[in-house]
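For reference, the chains in residue letters:
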Amino acid sequence: MAYDKKMLGMFVDVGREMLQSGAEIGRADTTIKLMGLAYGAARMDILAITDYLVVTMSLPDGVEYTITRRIEGGSTDFSRIEALNELSRSFCNKPFSEQELRERLDGIRNNHIGNLKKYAGTMMVGFMFSAFFGGSLLDAIVCCALAFPACFLGGNLSRLCSSNIFYNFLCALFSGIMACIAAMIIPAVHLDKLMIGLIMIFIPGRALTNSIKDIFLGDTLSGMMRMTEALFCGAAIAFGFIIPVYVTGI
Amino acid sequence: MSYFQLFISIFTSVMGTVGFAMVWNMENKYIPHAALNGFLTWAMYLICEAYGCGNFTATLAASLVGVLVAEFMARATRKNAAQFRISGLVCLIPGSGLYHTMDALIRSDSAMVHSYAMSTSYTVFGIAGGICLGSALMYMFKVIVDGNKNNFAY
């Protein structure tokens, strides 16, 4: 059987896409490994951390190929992770050509989350969690209304920010300013309930839970990196929300 | 807690879970699964609280339920467990504690900073403990039932 080095690049791209969509390290690791073994590799050695992937594929004829990929950006997308899972499963059942794998991967990459679903979900989170943490109906409605510009800002600020922590801080700061303005215009609104509802939109819940799972499954370095980032993001979010309160004295 | 407050608490936690499932682009047909997990997780928390458990214990038990339910849902649907787990646990995340800790910090109220920070930490450690315990139990279950340590994958 003739082996193609490009296939390894495709396997790593599938893993990278998974990590960028919010999958755990172990999942990306296992996916690359199983795809490589299904292709005919004798051995797959993978080092995956949150920002970096290194994969060595050892072929039965003794040739070894190593590929690295830097992982940047991305956002949580469960549908994309599922599509990538399906792709890897179908490849493992019956391996197909590099061309077909590339086309199917490109198809998954080009399938973006709909804005309507994202905005509706964000507004629902704002409404529900404002009420969940003790807010009145008015608090929940105002929080729901503020969630829309917060989501819009979140979607557009990411490319302007150098780091995830700064991005979260800016999102929180702008949302905090909007909440303070709303509280000044509508005095019956409880500012803390508004802010808590908005905090829940940005809070890095996925990163935190994934990091714990990563650590538990033995990916300690990745888990610690992800947890540290999540904790700093959490602090940045809280700090960003509090600054407008401190400045306005509400 | 009155019945009305109880209803609001459960309803908002479930619908908040649905909201997050939408934000994270979960497939529509699995959103009810996420909602059910959110309901069971929060119901467990409320039950523990009603029996006088502390914040840490209640969060730990609720998180354990959320993880186990997510894993079984993943097995039943042959889908990724992470999506059910993360959506289910989101109602336990201490957004309120985070805000109040920072608020007290800005106001230089060290007693309240300590109180809120400890409470928030207990919640975070409770979630972490529940995930670890749930994952350990599921790992054992999978090894016993599937007989294959590497078959960890949906």
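Residues numbered from 1 in each chain as written. Chains lettered and ligands numbered in written order. Predicted model: local features only at pLDDT ≥ 70, side-chain atom pairs only at ≥ 80, totals over all residues.

## Focus on the overall build of chain B
Using the following cut-off: Numbered from the N terminus, helices here are DSSP runs of H or I no shorter than four residues, and strands are runs of E no shorter than two. Burial is judged by counting the other C-beta atoms within 10 Å of a residue's own C-beta: 20 or more makes it buried, 12 or fewer makes it exposed, and any count in between marks it as partly exposed, with every C-beta position built from the backbone. Distance between backbone-placed C-beta atoms decides contact: two residues are in contact if it is within 7 Å.
When helices and strands are counted, chain B shows six helices and zero strands. Each principal axis of the C-alpha distribution contributes one length, and for chain B these read about 55 × 30 × 30 Å. Residues classed as buried in chain B amount to 50% of the 154 residues present. For chain B, contacts bridging at least 24 residues in sequence account for 64% of all contacts bridging at least 6.

## What to know about the environment of Met-112 of chain B
All names here are of chain B. Structurally, Met-112 is set in helix α6 (residues 110-146). With 15 C-beta atoms packed within 10 Å, Met-112 lands in the partly exposed category. For the pair Met-112 and Thr-101, spaced 11 residues apart in the sequence, the C-alpha separation amounts to 7.3 Å.

## A look at the confidence of the model for chain A
Heads up, the condition is: Looking at any residue, its pLDDT shows the predictor's confidence there, from 0 to 100.
A residue-level look at chain A finds 99% of positions with pLDDT of 70 or above and a mean pLDDT of 87. The least confident element of chain A, judged by mean pLDDT, is helix α9 (residues 205-216) of chain A at 81; the most confident is helix α5 (residues 115-132) of chain A at 92.

## Re the nonpolar core
What counts here: Throughout this description, the term nonpolar core refers to a group of buried Ala, Val, Leu, Ile, Met, Phe, Trp, Tyr and Cys residues whose C-beta atoms join them within 7 Å.
In this structure, Ala-147, Leu-194, Leu-198 and Ile-199 of chain A are the most contacted members of the largest nonpolar core, which totals 117 residues. No other element matches helix α3 (residues 55-77) of chain B, which puts 12 residues into this core. For Leu-198 of chain A, the residues in contact, after removing those within four places along its chain, are Gly-126, Cys-143, Leu-146, Ala-147, Ala-150, Ser-175 and Ala-179 of chain A.

## Quick notes on the domain arrangement of chain A
All names here are of chain A. Applicable threshold: For each domain, the first and last residues come from an automatic or database assignment. Under the scheme applied, nonpolar residues are Ala, Val, Leu, Ile, Met, Phe, Trp, Tyr, Cys and Pro; charged residues are Asp, Glu, Lys and Arg; polar residues are all the others, including Gly.
Its domain assignment divides chain A into domain 1 (5-109) and domain 2 (115-248). Measuring from the centre of the C-alpha atoms in domain 1 to the corresponding centre in domain 2 gives 32 Å. Across the boundary between the two partners, domain 1 contributes eight residues, which contact 10 residues of domain 2. When contributions to the side of domain 1 that touches domain 2 are tallied by element, the ones reaching two or more residues are α2 (25-39) and β1 (43-49). In terms of residue class, the side of domain 1 that touches domain 2 is built from three nonpolar, four polar and one charged.

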